[in-house]
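Summary of the model geometry
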Amino acid sequence: METASPASPLTFPMRRIDGSFQTCSTQDIKPLRLGLQLKERCILVEYEVPGGSLAHHLIDLKKDLESLKPLDVDSLMRSARAEHGAWLATVADNQLSSILQRLLQHVK
């Protein structure tokens, strides 16, 4: 999926629990929590969209962990924000940095 700049929001379908779909804009995303899947090397973003629906977005970092040189928190953060900006736009740098540090400690 493409990332969106604030001036040009993208829309995407979100499947609801009942199986129906809701069309959402990337500007509607409100991140609530970050989780870490160590084995899969992913960050899980729990977010809310209008109407109070909760959803999850996976940020797969396997390729970045294999290809980035030097492998550090700053380079991972830049890559994650570039590819998943809509889901991370309002996440504070220190929060994202903290979860990425935990991931790096696990893979080293």
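Given the structure is predicted, the values throughout are model-derived calculations rather than measurements. (Residues numbered from 1 in each chain as written. Predicted model: local features only at pLDDT ≥ 70, side-chain atom pairs only at ≥ 80, totals over all residues. Heavy atoms only, no water.)

A separate point is unusual backbone geometry. With phi around 60°, Arg41 is a residue other than glycine that occupies positive phi space. By the element assignment, Arg41 lies in the loop between β3 (30-37) and β4 (42-49). (Helix = DSSP H or I, 4+ residues; strand = E, 2+ residues; numbered from the N terminus.)

To continue, consider the packing of helix α2 (residues 73-83) against helix α4 (residues 93-107). As a packed pair, α2 and α4 sit with axes 9 Å apart at the nearest point and diverge in direction by 115°. Both α2 and α4 take part in a crossing whose hand is right-handed. Within the contact between the two elements, α2 uses Val73, Leu76, Met77 and Arg81 and α4 uses Asp93, Leu96, Ser97, Leu100, Gln101 and Leu104. The class makeup of the residues in the contact of α2 with α4 is six nonpolar, two polar and two charged. (Axes fitted to C-alpha atoms, helices over the stretch in contact; angles between N-to-C directions. Left-handed = near helix turned anticlockwise from the far one by under 90°. Contact = heavy atoms within 4.5 Å. Nonpolar A, V, L, I, M, F, W, Y, C, P; charged D, E, K, R; others polar.)

Another aspect to go through is α4. A rise of 1.5 Å per residue sets the reference length of α4, with its 15 residues, at 21 Å; its end C-alpha atoms lie 21 Å apart and thus fit the reference within 8%. Restricting attention to buried positions, one finds in α4 the residues Leu96, Ser97, Ile99, Leu100, Leu103 and Leu104. On its buried side, α4 packs onto β3, β4, α1 (62-67), α2 and α3 (85-88). (Expected span 1.5 Å × (residues − 1). Buried < 20%, exposed > 50% of the residue type's maximum accessible area, 1.4 Å probe, protein only.)

Turning our attention to the side chain of Ser79. Structurally, Ser79 can be placed in helix α2. In contact with Ser79, not counting residues within four places along its chain, are Asp64 and Leu68.

Ile43, Tyr47, Leu61, Leu88, Leu96 and Leu100 are the most contacted members of the largest nonpolar core, which has 27 residues in total. Of all the elements in the fold, those that place two or more residues in this core are β1 (11-15), β4, β5 (53-60), α2, α3 and α4. For this core, the leading source of residues is α4, giving five residues. (Core = buried A, V, L, I, M, F, W, Y, C linked by side-chain atoms within 4.5 Å.)

This next bit is on the sheet that holds β3. Two pairing modes exist for strands in a sheet, parallel and antiparallel, and in both the strands are linked by backbone hydrogen bonds. Within the open sheet, the three strands sit side by side as β3-β4-β5. Their pairing is antiparallel. Sheet topology places β3 and β5 at the edges, where each strand pairs with a single neighbour. On average, adjacent strands in this sheet sit at an angle of 25° to one another, irrespective of strand direction. Across eight bridges, the pairing between β4 and β5 is antiparallel. Bridge pairing in β5 links Val45 to His57. Across the sheet, α4 is in contact with β3 and β4; its angle to β3 comes to roughly 10°. (Pairing = 2+ DSSP bridges.)

Now for the pairing of β1. Here β1 shows a clear split, with Phe12 and Met14 buried on one side and none of Thr11, Pro13 and Arg15 buried on the other. Direction of pairing for β1 relative to strand β2 (residues 21-25): antiparallel, over a ladder of five bridges. From the neighbouring strand, Met14 faces β2, where its bridge partner is Gln22. From the end of β1 to the start of β2, which pair antiparallel, there are five residues, and Gly19 there has a positive phi angle of about 95°.

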